[in-house]
Amino acid sequence: MPFDHNDHYHRLLLRKLPKHGRIALDVGCGTGRFARRMAARGYEVDAVDPSAEVIAAARRIGGGPRFRRTDVASAGLPKGHYDVITCLASLHHMPFGTVTRFREALAPGGVLLVLGCYAGITWWDLAAVPANAVARAGVAMGERLRASEAVPLRAPVREPRMSLADVRSEADRLLPGSRVRQLLYWRYLLTYRVGGVGGVDRVT
């Protein structure tokens, strides 16, 4: 199984979950790895994905979340309902403006966490190349030791079109007070809290 850049950031995202949150929405859940980790922390999790294949696989695995095939870019979301909404490497599959639907679906004090992908290369991305190679080598070695023949189901892949600068600009416009932090492995973390105050967090 190749090194998964999204799974690498699960612990970071878990640390940012609201301490007293109860209800979560995981958008673009895939086979449900992160949704299950939230459920294990006591959250009631609605886990949604537009792919029938990955939702079927997620349901077979089970583990707590309510898995549903839904395209949130067009489907309605309950307003003011969720304590946290997570979106891991899936926002670039839909219009960026969908974040306003997420904002409206957050309860007072609710948090939106977007682990996103961006287009183009920045100087920071160059630092990810050797780290990525080491991580991939470690995963490959582990797979050889386990001699695993199982091929994991992979969600549909789409290349991002927005640059990091575009993401920051649109986040400032649509989610005032949000923060966008550039991460290794060609990812960014967008954090927004209803009623929160903040700014743009540059490379850290």
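All values derive from a computational prediction rather than experimental measurement.

A short note on the overall build of the protein chain
The helix and strand inventory of the protein chain stands at six helices and seven strands. Put simply, the protein chain runs from its N terminus to its C terminus through helices and strands in the order α-β-α-β-α-β-β-α-β-α-α-β-β. Relative to its full complement of 204 residues, the protein chain shows a buried share of 46%. By sequence separation, contacts in the protein chain at least 24 residues apart represent 66% of the contacts at least 6 residues apart. Within the structure as shown, the protein chain displays about 10,600 Å² of accessible surface, and the carbon and sulfur contribution to it stands at 55%.

Overview of the sheet that holds strand β3 (residues 66–69)
The mixed open sheet is built from seven strands, whose spatial order is β3-β2-β1-β4-β5-β7-β6. Both outer strands of the open sheet, β3 and β6 (179–183), are each paired with one neighbouring strand and no more. Across the sheet, the axes of successive neighbouring strands diverge by a mean angle of 15 degrees, strand direction being ignored. The strands touched by helix α3 (residues 52–61) within the sheet are β2 (44–49) and β3, with β3 carrying the most contacts at an inclination of about 160 degrees.

Some thoughts on the pattern of salt bridges
With the rule as written, the count across this model stands at four salt bridges. Asp46 is the salt-bridge partner of Arg66, the closest N and O atoms lying 2.6 Å from each other. Of the two residues, Arg66 sits in strand β3 while Asp46 sits in strand β2, which places them 20 residues apart along the sequence.

As for the pairing of β3
Two faces make up the sheet, and in a regular strand the side chains alternate between them. Where β2 and β3 come together, four bridges link them in parallel fashion. By the bridge assignment for β3, Asp49 is matched with Arg69. Taken together, β2, α3 and β3 form a β-α-β motif whose crossover is right-handed.

Description of unusual backbone geometry
If you check the backbone angles, Ala89 has positive phi at about 50 degrees while not being a glycine. The residue Ala89 is located in the loop between β4 (82–88) and α4 (99–105) in this model.

Topic: the state of the cysteines
Considering all chains together, one arrives at zero disulfides under this definition. Between Cys87, a cysteine without a disulfide, and Cys117, which holds the nearest cysteine sulfur, the sulfur-to-sulfur distance is 9.7 Å. Owing to a relative accessible area of 0%, Cys87 belongs among the buried residues under this scheme. A relative accessible area of 12% places Cys117 in the buried class.

Details of the confidence of the model for the protein chain
Per-residue confidence for the protein chain averages 83 on the pLDDT scale, and 75% of its residues sit at or above 70. Across residues 130–151, where pLDDT falls below 50, the model places 15 contacts with residues more than four positions away in sequence or in other chains. Long-range and interchain partners of residues 197–204, a stretch whose pLDDT sits below 50, account for 24 contacts in this model, where long-range means more than four residues apart.

Some thoughts on a positive patch on the surface
On the surface, a cluster of positive charge is made up of Arg11, Arg15, Lys16, Arg37 and Arg41. Counting through the fold element by element, Lys16 comes out in the loop between α1 (10–15) and β1 (23–27). Exposure remark for Lys16: the relative accessible area of 32% places this residue in the partly exposed category.

Brief notes about helix α2 (residues 33–40)
Of the residues making up α2, those classed as buried are Phe34, Ala35, Arg36 and Met38. Summarising the contacts, the buried residues of α2 are in contact with α1, β1, β2, α3, β3 and β4. Remark: Gly42 follows α2 within two positions and exhibits a positive phi of approximately 100 degrees.

Here we look at the environment of Ser178
As for its placement among the helices and strands, Ser178 is situated in the loop between α6 (164–174) and β6. Residue class for Ser178 comes out buried when judged on its relative accessible area of 1%. Reaching out from Ser178, the side chain makes a polar contact with the backbone oxygen of Ala171 at a distance of 3.4 Å. In terms of polar contacts, Ser178 uses its side chain to reach the backbone carbonyl oxygen of Leu175, at 2.8 Å.

What counts as what
- Residues numbered from 1 in each chain as written.
- Predicted model: local features only at pLDDT ≥ 70, side-chain atom pairs only at ≥ 80, totals over all residues.
- Heavy atoms only, no water.
- Helix = DSSP H or I, 4+ residues; strand = E, 2+ residues; numbered from the N terminus.
- Buried < 20%, exposed > 50% of the residue type's maximum accessible area, 1.4 Å probe, protein only.
- Contact = heavy atoms within 4.5 Å.
- Areas by Shrake-Rupley, 256 points an atom, 1.4 Å probe, with all protein chains shown as cover.
- Pairing = 2+ DSSP bridges.
- Axes fitted to C-alpha atoms, helices over the stretch in contact; angles between N-to-C directions.
- Salt bridge = Lys/Arg side-chain N within 4 Å of Asp/Glu carboxyl O.
- Right-handed = clockwise from strand over helix to strand, strands pointing away.
- Disulfide = S-S within 2.5 Å.
- pLDDT = per-residue confidence, 0-100.
- Patch = residues over 30% accessible without salt bridge, like charges linked within 9 Å, V, L, I, M, F, W, Y side chains within 5 Å.
- Lys, Arg positive; Asp, Glu negative; His and termini not counted.
- Charge placed at Lys NZ, Arg CZ, Asp CG, Glu CD.
- Polar contact = N/O pair within 3.5 Å; in protein donor to acceptor, adjacent residues only side chain to side chain.

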